[in-house]
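Per-entry structural report
Below are the chains, spelled out letter by letter.
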Amino acid sequence: MPYAYELVYMSDAAEDESGDAAPSGRIILFPDDNVNILNFEGITEDYVIFVNRSGVCEPDMVRRLLAGGNGADVIYPDEDYITDTTADISDINARIRVLRTPWRKPDYSPDTVVSFPYIETCFAIRTHFARLVPAMKRSPEIGDNVRCRDFLLRALERAQSVAHVPQILYHRDLSALTKDVYEITDEQIYEALYEQYNRPGYILCREAAEKRRGINVIPAAPKEGPLVSIIIPSKDQPRILKECIRNIRINAGKVPYEIIVVDNGSSDENRDVTEKYVTQLPGGKGTYIYEPREFNYSAMCNLGAASAKGKYLLFMNDDVDVITDDFLEKLLIYAARSYVGAVGCKLLYPDDITIQHIGVMNINRGPTHKLAGMSDAKVRYYCRNRFAWNVLAVTGACLMVNREKYYQAGGFYDKIKVGYNDVDLCARLLENGYYNVVNNECAMTHHESLARGADGLSDEKSDRLREERQVLYSLHPWMTERPDPFYGYMLDEDTIDIRSGAVCEYQITDRRNKTKELPRVPGKRSDKAMMSIDMCSVERAIAPDAEDAYVIEGWGLYRSWDNALVRKFIVLIPLDEYDTQQKDCIIASVCPKYRSDISEVFPDEINVDLAGFVCRIPFSALDPHRRYRIGVLLRKTTGLKSSRVALGDIYEPRRGIVKDE
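Residues numbered from 1 in each chain as written. Predicted model: local features only at pLDDT ≥ 70, side-chain atom pairs only at ≥ 80, totals over all residues. Heavy atoms only, no water.

1. Some thoughts on the sheet that holds strand S27 (residues 612-618)
What counts, and what does not: Pairing between strands is defined by DSSP: at least two bridges between the two strands are required. Helical segments are the DSSP runs of H or I of at least four residues, strand segments are the runs of E of at least two, and each set is numbered from the N terminus. Each axis is a line fitted through C-alpha atoms, taken for helices only over the stretch in contact, and angles between the N-to-C directions span 0 to 180 degrees.
Strand order in the open sheet made by the four strands is S22-S23-S27-S26, with antiparallel pairing throughout. The open sheet has two edge strands, strand S22 (529-539) and strand S26 (591-593), and neither has a second partner. On average, adjacent strands in this sheet sit at an angle of 25° to one another, irrespective of strand direction. Judged from the ten bridges that link them, S22 and strand S23 (residues 549-558) form a sheet pairing that is antiparallel. If you follow Met530 over to S23, its bridge partner there is Leu557.

Listed below in structure tokens is the structure:
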């Protein structure tokens, strides 16, 4: 039985696990040209369950959905795509063959659902509640898909409770998106969804919902609009600051604003240049505050906020450049909503393509900039880098908040001087019942940490970040006890990417390889043993109990061996004790990495794509002041077992690979 639409879970026919009568549900299929899907006359079940007829339900979808909803007004599950709607979905072999791209959804996100229909094809609404929701009238131009979405958005605006059931209970028909169901990639699915949700019907629903929810923040007479106070901490960066303010003035649009620059101790020369520039901004829009002190981003922001006249506060770094027209309006349209806390935007690195920030997501190792360093040219996991999304937090590099809500949350906590102060503020806004939003339709470029340097470049800065993270956890212990509700359950928490499913070992953050000291290299040198070190770096640990690591990436192979049957190890021989006998060495296990590029160089070798590796050596295993001869140990695992060693250049833990002198 491939379809489960005919199932009706009746309250008088079943009991839940506690022995009480289980909730009942009636499935309504859409689109349907012959039936008014929003007519609830004669329905006696507790819930009406809207299901798009093109897909496939789990056989026990109704029971699991309603049981997991705990009596909420609106309930929705996770879903994925199916390549064959005629397959028996209860057959495990059929599942493996036809199911694609799990869509692990966030908990209820009121701004996301308007911007991006992450609830659409399968959801349940209490019947008595559904009868109270006005419905869009039928017309030849408006089909059931649009009417159903409009009905859902109106229902969500009235609902007292919305429940997310983090189980895949519905399978979308992939053929409705593309004919090449077996050839299409995940990225192409996301791209197709992005195009679909920008069609006229969806835009109509979105604009109608925005009009109902929003506030007219841009009146005909701009002077009557709410004032935005733009607060910019800065020091000894007059050129960068001028460029930042110039782009604000170019792209501000009609929204009235003032600019407050907080300087914590520029040189006399830079102070004079900055003060003259800011105080002479047209219309008297500039205020300059000079107060020498050690760098404390939180204190500087609070100082600027105390001098602000605006109803809304926008905190910006001086190394951020606005590249979106009417950016203040695009932020204000969310910040003006009664239920919204902090609002941020998409930040790109200076190439205008690479993502730096699309919201802060809390995974099991702490608050993280997911997708950082990845190209924005592609549509990422279910449009995460498109539309507007509710998130745990937004970065203080661009953060707008209503002034009253800012002080209600206590402002920035000045005991957190540099890192995580923005996450702390956003967490307190959440605790006060507000939702935080990142609007990906508003973009800026971010020359990250120009003034104070990157945090991962020194032990001192790395230790300070760890300490500040512990302060964050002490203030909000729930961040270590449960997952981020706006991220998505069962998404990977070990990589910068957002995706579902298994993660390769080499991509897992904080994965440390085992090391061992040996009196000599356990293998013979051979000209057939080959290796290359492609990248060396330092990886700062995320988890509180994890150790920083030296990262070494490359490949190693022995010509004529089957690389699928070869284990690899990094070999490090201290140079001051190195001689022809190869006495004393450190070996470290590695994580295999698939390398399709190597087959282009060695087309005749067996399974050469498996020759790659990534190795993370704990800091404590190496002396940072010593120099090592680096090599790769290749150990055959079947047949006549043997080991061969390929030696390369000199490795210095703090510098990486250096050539022989």
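Next, the rest of the story.
2. Description of unusual backbone geometry
The omega torsion of the bond from Phe30 to Pro31 falls at -5°, within 30 degrees of zero and hence cis. Along the chain, Pro31 turns up in the loop between strand S1 (25-30) and strand S2 (47-52). Of note, the phi angle at Leu371 is positive, near 70°, even though the residue is not glycine. In this structure, Leu371 sits in the loop between strand S16 (366-368) and strand S17 (388-391).

3. Digging into the packing of helix H8 (residues 238-251) against helix H9 (residues 268-279)
Any two packed helices are characterised by the angle at which their axes cross and by the distance between the axes. Let me state the cut-off plainly: Note on angle classes: values under 35 degrees are labelled roughly parallel, values over 145 roughly antiparallel, values of 65 to 115 roughly perpendicular, and the remainder oblique. Crossing handedness is read from the near helix: turned anticlockwise from the far helix by less than a right angle, it gives a left-handed crossing, and turned clockwise, a right-handed one. The contact rule is simple, with two residues in contact once any of their heavy atoms fall within 4.5 Å. Residues are sorted three ways: Asp, Glu, Lys and Arg are charged, Ala, Val, Leu, Ile, Met, Phe, Trp, Tyr, Cys and Pro are nonpolar, and all the rest, Gly among them, are polar.
Put simply, H8 and H9 touch, their axes get as near as 10 Å, and they point 15° apart. By the angle class used here, H8 and H9 are roughly parallel. Crossing hand, H8 versus H9: right-handed. When H8 is examined against H9, the residues Pro238, Leu241, Lys242, Ile245 and Arg246 are found in contact with a partner set consisting of Asn270, Val273, Thr274, Tyr277 and Val278. Considering only residue class, the contact of H8 with H9 consists of six nonpolar, two polar and two charged.

4. Looking at the nonpolar core
To keep it simple, the criterion reads: Residues grouped as a nonpolar core are buried Ala, Val, Leu, Ile, Met, Phe, Trp, Tyr and Cys residues, joined through side-chain atoms within 4.5 Å. When a residue's accessible area, from a 1.4 Å probe over protein chains only, is under 20% of the maximum for its type it is buried; when over 50% it is exposed; and in between it is partly exposed.
In terms of nonpolar packing, the biggest core is built from 97 residues, with Phe40, Phe50, Phe116, Ile125 and Phe315 touching the most fellow members. No other element matches the seven residues that helix H5 (residues 144-158) contributes to this core. Apart from the residues lying within four places of it in its own chain, the contact partners of Ile125 are Asp46, Tyr47, Val48, Phe50, Asp73, Val74, Ala130, Phe151 and Ala155. Core analysis: the second largest hydrophobic core is formed by 38 residues, Met316, Leu331, Val343 and Cys398 among them.

5. Things to note about the confidence of the model for the protein
Inclusion rule: As a per-residue measure, pLDDT reflects the predictor's confidence and takes values from 0 up to 100.
Per-residue confidence for the protein gives a mean pLDDT of 87; residues scoring 70 or more make up 89%. Segment residues 1-14: pLDDT under 50, and 46 contacts once partners within four positions in sequence are set aside and those in other chains are kept. Here residues 578-582 is a poorly scored stretch, pLDDT under 50, and it has ten contacts once near neighbours within four places are set aside; other chains count.

6. Some points on a negative patch on the surface
How we decide: Every patch collects residues that have over 30% relative accessible area and no salt bridge, joining them within 9 Å if they carry like charges and within 5 Å if they are nonpolar side chains (Val, Leu, Ile, Met, Phe, Trp, Tyr). All accessibility values rest on the Shrake-Rupley procedure with a 1.4 Å probe; residue burial counts only the protein chains present in the view. Any carboxyl oxygen of Asp or Glu within 4 Å of a side-chain nitrogen of Lys or Arg constitutes a salt bridge here. In summary, the charge assignment counts Lys and Arg as positive and Asp and Glu as negative, without counting His or the chain termini. Where a charge sits is defined by one atom per residue type, namely NZ (Lys), CZ (Arg), CG (Asp) or CD (Glu).
On the surface, Asp268, Glu269, Asp272 and Glu275 cluster together to form a negatively charged patch. Of note, Asp268 is situated in helix H9.

7. Re the packing of H5 against helix H7 (residues 200-213)
Two elements in contact, H5 and H7, have axes whose closest approach is 9 Å; the angle formed by their N-to-C orientations is 20°. Put simply, H5 runs roughly parallel to H7. As for the relative orientation of H5 and H7, their crossing is right-handed in sense. Judged by residue contacts, Val146, Arg149, Asp150, Leu153, Arg154, Leu156 and Glu157 of H5 engage Gly201, Tyr202, Cys205, Ala209, Arg212 and Arg213 from H7. Considered class by class, the residues forming the contact of H5 with H7 number six nonpolar, one polar and six charged.

8. Structural notes on the side chain of Thr395
Its place among the elements puts Thr395 in the loop between S17 and strand S18 (398-402). In contact with Thr395, not counting residues within four places along its chain, are Leu347, His357, His369 and Asp422.

9. Focus on the side chain of Asn421
For the record, the criterion: In protein, a polar contact requires one atom able to donate a hydrogen and another able to accept it; more generally it is a pair of N or O atoms within 3.5 Å, and residues adjacent in sequence count only if both atoms are side-chain atoms.
Positionally, Asn421 belongs in helix H13 (residues 421-431). Under the relative-accessibility criterion, Asn421 is labelled buried at 2%. At 3.4 Å, the side chain of Asn421 and the backbone oxygen of Ile416 are in polar contact. Residues contacting Asn421, with those up to four places away along its chain left out, are Tyr297, Ser298, Phe412 and Ile416.

10. As for H9
Note the following rule: Each helix should span, by expectation, one fewer than its residue count multiplied by 1.5 Å. What the arc describes is the spread of directions from the helix axis to the C-beta atoms.
The end-to-end C-alpha separation of H9 is 16 Å, in line with the 16 Å expected for twelve residues at 1.5 Å each. By the burial criterion, the buried members of H9 are Asn270, Thr274 and Val278. With its buried residues spanning 50° around the axis, H9 presents them on a single face. Seen from the buried face of H9, the exposed residues on the opposite side, beyond 90 degrees, are Asp268, Glu269, Asp272 and Lys276. Elements that come into contact with the buried residues of H9 comprise H8, strand S9 (257-263) and strand S10 (286-290).

11. Things to note about the environment of Asp534
Note that Asp534 resides in strand S22. For the pair Asp534 and Glu553, spaced 19 residues apart in sequence, the C-alpha separation works out to 5.7 Å. Setting aside chain neighbours within four positions, we find Asp534 in contact with Glu553, Gly554, Trp555 and Arg595. Among the polar contacts listed, one links the side chain of Asp534 to the side chain of Ser532, at a separation of 3.0 Å.

12. Remarks on the pattern of salt bridges
In this structure the tally under the stated criterion is 34 salt bridges. Between Arg104 and Asp78 there is a salt bridge; the shortest N-O distance is 3.4 Å. Here Arg104, found in the loop between strand S5 (99-103) and helix H3 (110-115), pairs with Asp78, found in strand S4 (residues 74-82); they are 26 residues apart in sequence, far enough to count as distant. We note that Arg104, like Asp78, is buried. Arg147 is the partner of Asp144 in a salt bridge, and the nearest nitrogen-oxygen pair spans 3.7 Å. Placement of the pair is Asp144 and Arg147 together in helix H5, with a separation of three residues, close to one helical turn. Arg147 carries the same exposure label as Asp144, and that label is buried. When salt bridges that share partners are traced, they join Glu58, Asp60, Arg63 and Arg64 into one network.

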